[in-house]
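Here is how the chains run, residue by residue.
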Amino acid sequence: DTFSFRLKFIFGPSAVPALDLVDQRSVTRVVSPSGRTAYQILGSSGKLYTCYSSCHFCTCPAFGFTVLQKSESLLCKHILAVYLSQAMGACQELTVSEEQLTSILLAEEEDEG
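Here the structure is a predicted model, which is why all the values come from computation and not from measurement. (Residues numbered from 1 in each chain as written. Predicted model: local features only at pLDDT ≥ 70, side-chain atom pairs only at ≥ 80, totals over all residues. Heavy atoms only, no water.)

Turning our attention to the UniProt feature "domain: SWIM-type" (unreviewed entry) in the protein. With numbering matched to this structure, UniProt assigns "domain: SWIM-type" (unreviewed entry) to residues 49–87. Annotated as residues 49–87, this span is 51% helix and 15% strand, and its ends, taken at the C-alpha atoms, are 20 Å apart. (UniProt positions renumbered as here; feature names shortened; annotations may be inferred. Helix = DSSP H or I, 4+ residues; strand = E, 2+ residues; numbered from the N terminus.)

A few words now on the confidence of the model for the protein. When pLDDT is averaged along the protein, the result is 87, and 94% of the positions lie at 70 or above. Mean pLDDT in the protein bottoms out at helix H1 (residues 2–11), which sits at 74, and peaks at strand E1 (residues 27–31), which reaches 96. (pLDDT = per-residue confidence, 0-100.)

Quick look at the side chain of Ser85 now. You can see Ser85 is positioned in helix H4 (residues 77–88). For Ser85, a relative accessible area of 1% corresponds to the buried category. Contacts of Ser85, omitting those with residues within four sequence positions, involve Val22, Val27, Ala90 and Cys91. (Buried < 20%, exposed > 50% of the residue type's maximum accessible area, 1.4 Å probe, protein only. Contact = heavy atoms within 4.5 Å.)

Our focus in this paragraph is the sheet that holds strand E5 (residues 92–95). Across a sheet, strands are paired by hydrogen bonds formed along the backbone, either parallel or antiparallel in direction. Ordered by their spatial adjacency, five strands build an open sheet running E4-E3-E2-E1-E5, and the pairing between neighbours is mixed. A strand with exactly one partner marks an edge of an open sheet, and here the two such strands are strand E4 (57–58) and E5. Bridge count for E1 against E5 is four bridges, and the pairing is parallel. Following the sheet pairing, Val31 is matched in E5 by Thr95. (Pairing = 2+ DSSP bridges.)

As structure tokens, then:
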């Protein structure tokens, strides 16, 4: 359709996989009582990735390689899925404690380390 064609034109190969993630309701907005927010995306491989829309960052390998190292793209499919799900009102919502959010963030750092 015209919408996905426009997305492909603007965002390239990330557009269709990102739409698939939104369609599958794979994006969850994780919020703590203080208002800190992160997004968790269940990737097509079954792995959970964490995105931070506030600083435009994703923990997936594609983001690290194509965005940070090679500067071939502005975003990965997970970040695009976050933005699309926000725009379409298709985000799951999960409220967690400050401690739970901290452990989510620390778990990602341990995976990277």
